[in-house]
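Chain and residue survey
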Amino acid sequence: MLGLTAASAAVLAGCAKDAPQDTWQPKGENAQKIHDLQWPVFLVAGIVGVIVLAAIGFVVIRYRDKGQPMPEQSHGKPALEIALTILPALILVGVGIPTASTIFDLADESDTECIINVTGQQWWWEYDYPAQDGCGGIAEPIVTSGQLVIPANTNVLLRLTSRDVIHSFWIPALNGKKDTVPGRVHTLRMQADQPGIYAGQCTEFCGLSHANMKMEAVALNPDDFQTWVGNQLEPYVSPEAGSQAALGEAAFTANCAYCHQVNGLSSTAPDGTVTPVLANPDQFVVSGAAPNLTHLMTRNTFAGATWDLLTDECRDRVWNASPEEFGALYLQGVTAECLNAVDLREWIRNAPAKKPMYASDAQKANSDGKVRGMPALGLNETQIDQIIAYLLERN
Amino acid sequence: MFTTGSKLFIGSSVLAIVAAVAFGVSYDGAAAWTAAIGLISVSIALLFLMAINFWVRDSNVSGMDSDATTTSAAAQERPSNSMWPAVGALGGALVAIGLVATPVVFKAGIVVLLIALFEWLVQAWSDRASSDRRFNASVRGRIMHPLEFPVLGAVGLTVIIYSFSRIMLFLSKESGPAVFVILAALITLGGFLFASRPTLKASVVAGICTIATLGLVSTGAVMAIDGEREMHEHATVSNEPAVCSSNEETEVDEKASQGVAAKSNVAATIIYNADGELYGQQVGMGEYSRMVTLQRSNTSQIMFRNLSDETVRLVANMGAFEVDVNGTTVTEKPVTCTTLVEPDGRQFMTLVFPKSSAATAPTDPYTFTVPGVEGASVEIVVP
């Protein structure tokens, strides 16, 4: 009974409507090609499976031992054996030809209109956009994380690699999965038919928080994408002197900027010398990188896309927006009213308590004193308030 | 008065006492005491065995006792022949040699001793199963074959593969392929002949295979002793500014860049063409560019192709950083360069940029250059 219940639950789970990582709901040209291949293959495999099971069932029941004499033994029927060899071979050829064609289609890079570098590390994804004429034109490189922002209806080519261990990049609605391997660059086509958010998940076990290594692709129409690019290249604006955010800037510089880069952040020495604050994650983190937080509040997620920066209500408004309204809503970023301060506060207070990571002193001993993930910084509540106020202006 | 067995134990006991005295006189310190006490203990144990042997009269059965000729232990079927005592002796010898020579031999001796002990115990146990030796052998086989066959198979394969590898490493790179093509052809021919003559006796096939295996193993052993062929190691990159800016070359391994693994991992190809221009090309980015993007803190394989008529090298200028050396601020300008690359040649370099482009001084950006060629420069962007 228990087994029947479990099996029924597993089967019924396939009927879920709200399943953002459903492989049967393609939302882009590449995923559609896979979909067009997989349903006939599943159909053929299903028919063959049913026939084989039915044949086995028939033989088991019809010829079960009832005390009858041993039937006549033969040494094969060549015609039947040849037929049963040729038939599966024909089925495999029938499946193999469209499969090979789809593989070549998915590997085609000739129609690339936009290039984005994707780098996996424990346990988040970094996206950097090289300066290029593609993507509608990007004048300066852009670095972001958590959400991969792409122009809709555009052939994007992802150049995938990893800084530490093997990960796998997969956004089911837009394409199949592709491993990211240290020292190698793999390419993956990506195209979304309409503006919207498409969920994904690392699909190669990569350590303690593998299950928390999520990703989201955000497709914007080309005009909105250009607006997003413009926002990402906006120069740094210091918080108003004396404000909570200004205190947060100092707290951020003293505690967070060792690993997290905020482009344009600088410090002023007592003699008035201004020097840029440059993060050195290579000295503290095994992967040698930490998310760039320059425009954190233009994203909707943090900590490897594990938590939303938006409250549930605001998040639902963005996720459920129509393709026409989506871009404008997404480009609003995270406002003070929509900020999910609860999770962000817990994260800053003690990140390893919220997401399993190798970040304690004992665990660091096994990796040359470097952490995997974000350590607990021991900040007090006042400092956390100040840093959140500062981050809220990183938009 | 003393039986033969008793005399053996008496002699051994006396020998142990003499050895204890000799050891005690020859050496000083705790080691001498330990050895002397150990040898005297051995002597006492041997005397104890002598007493038992003396008491049971070497377990001889009296010829007058007719019942004893059929019922005594000595009258039972003798155990089957066993090689394990000999193997055990080999293990003992290896242990002794290993104590003097090298720990590896000592450990191997211990392993051989344990195997011999275990095998001998199982054989002795199976010999008591019945009076039928064939049945006893099948009992032993049922226990030991599931262990012996996989272990022997693995050991045999290891020996063959190791022998094979020694031969490959001994032969020159030129003769190696020819030898193995011929060898592979012979094996194929042999297999064909065996298959085409199904009436061939199994003993003939086994004999040929044994001779071939022995030939392979003995050749491998000889070549292992003789050593590997000479393999030159050439530097392919340098981190010395003086080297990177010079036009002199010491060594070039022309084939170092032909590894398939390296070629399949190229983050960027930097091309120096006949017009004296330097371009970059990256996976997925079709066009040649004066700028390449490399990820921060990530190992990047760079291939340099020299399509010009000159012999040149590629230099990666990895910025300028102020570092504290014993309290003094010093500006470091790390560089990495390939060796001089001949026309139509190629060379690899592996780079890691731990800091973004923003971290380096604006006057010293990350670039690829060709020394001595004005304008031959590709910007490296590290986001």
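Residues numbered from 1 in each chain as written. Chains lettered and ligands numbered in written order. Predicted model: local features only at pLDDT ≥ 70, side-chain atom pairs only at ≥ 80, totals over all residues.

Okay, the overall build of chain A next. Of regular secondary structure, chain A possesses 11 helices and 14 strands. Contacts spanning at least 24 positions in sequence make up 68% of the contacts within chain A whose residues lie at least 6 apart. (Helix = DSSP H or I, 4+ residues; strand = E, 2+ residues; numbered from the N terminus. Contact = placed C-beta atoms within 7 Å.)

Among the nonpolar cores identified, the biggest contains 79 residues, and Ile116, Ile150 and Ala217 of chain A together with Ile302 of chain B are the most heavily contacted of them. Per-element tally for this core: the top contributor is strand 10 (residues 214-220) of chain A, with 5 residues. Not counting residues within four places of it along the chain, the set of residues in contact with Ala217 of chain A comprises Leu148, Ile150, Ile171, Leu174, Met190, Ala192, Tyr198 and Gly200 of chain A. Phe252, Ala289, Met357 and Ile384 of chain A belong to the second-largest nonpolar core, a separate cluster that totals 36 residues. (Core = buried A, V, L, I, M, F, W, Y, C linked by C-beta atoms within 7 Å. Buried ≥ 20, exposed ≤ 12 C-beta atoms within 10 Å, placed from the backbone.)

With 20 residues of chain B at the interface, the matching set in chain A holds 27 residues. Looking at side-chain class alone, the side of chain B that touches chain A contains 9 nonpolar, 9 polar and 2 charged residues. (Nonpolar A, V, L, I, M, F, W, Y, C, P; charged D, E, K, R; others polar.)

With that settled, the discussion passes to the confidence of the model for chain B. Residue and element names in this part refer to chain B. Taken residue by residue, chain B gives an average pLDDT of 84. The fraction at 70 or more is 88%. Taken element by element, the predicted model of chain B shows its lowest mean pLDDT in helix 10 (residues 260-263) (60) and its highest in strand 12 (residues 366-369) (93). In the predicted assembly, ipTM is 0.78 and pTM is 0.69. (pLDDT = per-residue confidence, 0-100.)

Attention shifts here to the sheet that holds strand 3 (residues 142-145) of chain A. Residues and elements named next belong to chain A. Strand order in the open sheet made by the 5 strands is 3-2-1-5-8, with mixed pairing throughout. Either end of the sheet is taken by a strand with one partner, and the two such strands are strand 3 and strand 8 (186-190). Going across the sheet, the axis of each strand differs from the next one's by a mean of 25°, ignoring polarity. The sheet contact formed by strand 2 (residues 124-129) and strand 3 spans 4 bridges and is antiparallel. By the bridge assignment for strand 3, Glu126 is matched with Ser145. (Pairing = 2+ DSSP bridges. Axes fitted to C-alpha atoms, helices over the stretch in contact; angles between N-to-C directions.)

Residue and element names in this part refer to chain A. As summarised here, the arrangement of the 3 strands in space is 4-10-9, forming an open sheet in which the pairing is mixed. Of all strands in the sheet, those with a lone pairing partner are strand 4 (147-151) and strand 9 (196-201), marking the two edges. In this sheet, neighbouring strand axes are inclined to one another by 25° on average, regardless of whether the strands run parallel or antiparallel. Both strand 4 and strand 10 contribute to a ladder of 5 bridges, which runs parallel.

All right, on to the pairing of strand 13 (residues 377-381) of chain B then. Residue and element names in this part refer to chain B. With burial as the criterion, only one face of strand 13 is covered, namely that bearing Val378 and Ile380; the residues Ser377, Glu379 and Val381 on the opposite face remain uncovered. When strand 5 (residues 291-293) meets strand 13, the two strands line up parallel, connected through 3 bridges. Residue pairing across strands places Thr293 opposite Val381, the latter belonging to strand 13. Of the pairings in the sheet, the one linking strand 12 to strand 13 comprises 3 bridges and is antiparallel in character. Bridge pairing in strand 13 links Phe368 to Val378.

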